[in-house]
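For reference, the chains in residue letters:
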Amino acid sequence: MFEAMCIRDLRVYADALGGQLYHYRDKSGLECDAVLHLNNGDYGLIEIKIGGDTAIEYGAETLKVLANTIDTTRMHAPSFLMVLTGTSNYAYKRQDGVYVVPIGCLRD
């Protein structure tokens, strides 16, 4: 249910920015909960995890693996990688460049 709520909110904000929201899954099973794609070609990869350090770490690792599989000769690299959570009190950028953002901070 938490993931569905996050997708709903992401769709509203993507629409306000003139963008689209997609889900990604490839034949090897690599998956991304949401891909936010803007009309100018920029995009970001988003994993949704309700919370906890282990879940956030897993989500960040999944995003980094996916970002590293993108053929940047055919399309540019993602503008951001984000783990969307339900438990953090504040948003922050990890040392590896992955953003951890609580659902309540999306509108800001």
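About the criteria used
- Residues numbered from 1 in each chain as written.
- Predicted model: local features only at pLDDT ≥ 70, side-chain atom pairs only at ≥ 80, totals over all residues.
- Heavy atoms only, no water.
- Disulfide = S-S within 2.5 Å.
- Buried < 20%, exposed > 50% of the residue type's maximum accessible area, 1.4 Å probe, protein only.
- Helix = DSSP H or I, 4+ residues; strand = E, 2+ residues; numbered from the N terminus.
- Contact = heavy atoms within 4.5 Å.
- Expected span 1.5 Å × (residues − 1).
- Arc of directions from axis to C-beta.

1. Regarding the state of the cysteines
- In total, this model carries 0 disulfides according to the counting rule given.
- Free of any disulfide, Cys32 has its nearest cysteine sulfur in Cys6, 13 Å distant.
- Taking relative accessible area as the criterion, Cys32 reaches 0% and is therefore assigned buried.

2. Things to note about the side chain of Asp9
- Note on placement: Asp9 falls in helix H1 (residues 2-16).
- Overall, Asp9 belongs to the buried group, its relative accessible area being 16%.

3. Focus: the environment of Arg25
- Residue position: Arg25 is located in strand S1 (residues 20-25).
- In the structure, Arg25 is positioned 39 residues away from Lys64 in sequence and 15 Å away in space, judged by C-alpha atoms.
- Apart from residues no more than four positions distant in its own chain, Arg25 is found in contact with Leu30 and Glu31.

4. Notes on H1
- Its 15 residues place the ends of H1 22 Å apart at the C-alpha level, agreeing with the 21 Å of an ideal helix rising 1.5 Å per residue.
- Looking only at H1, the buried set comprises Phe2, Cys6, Ile7, Asp9, Leu10 and Ala14. Around the axis of H1, the buried residues are gathered within 170 degrees of arc, so they sit on the same side. In this structure, H1 carries Ala4, Val12, Asp15 and Ala16 as exposed residues pointing more than 90 degrees from its buried face.
- Positive phi appears at Gly18, one or two residues downstream of H1, with a value of about 80 degrees.

Remember that the coordinates give geometry; whether it matters functionally is a separate question.
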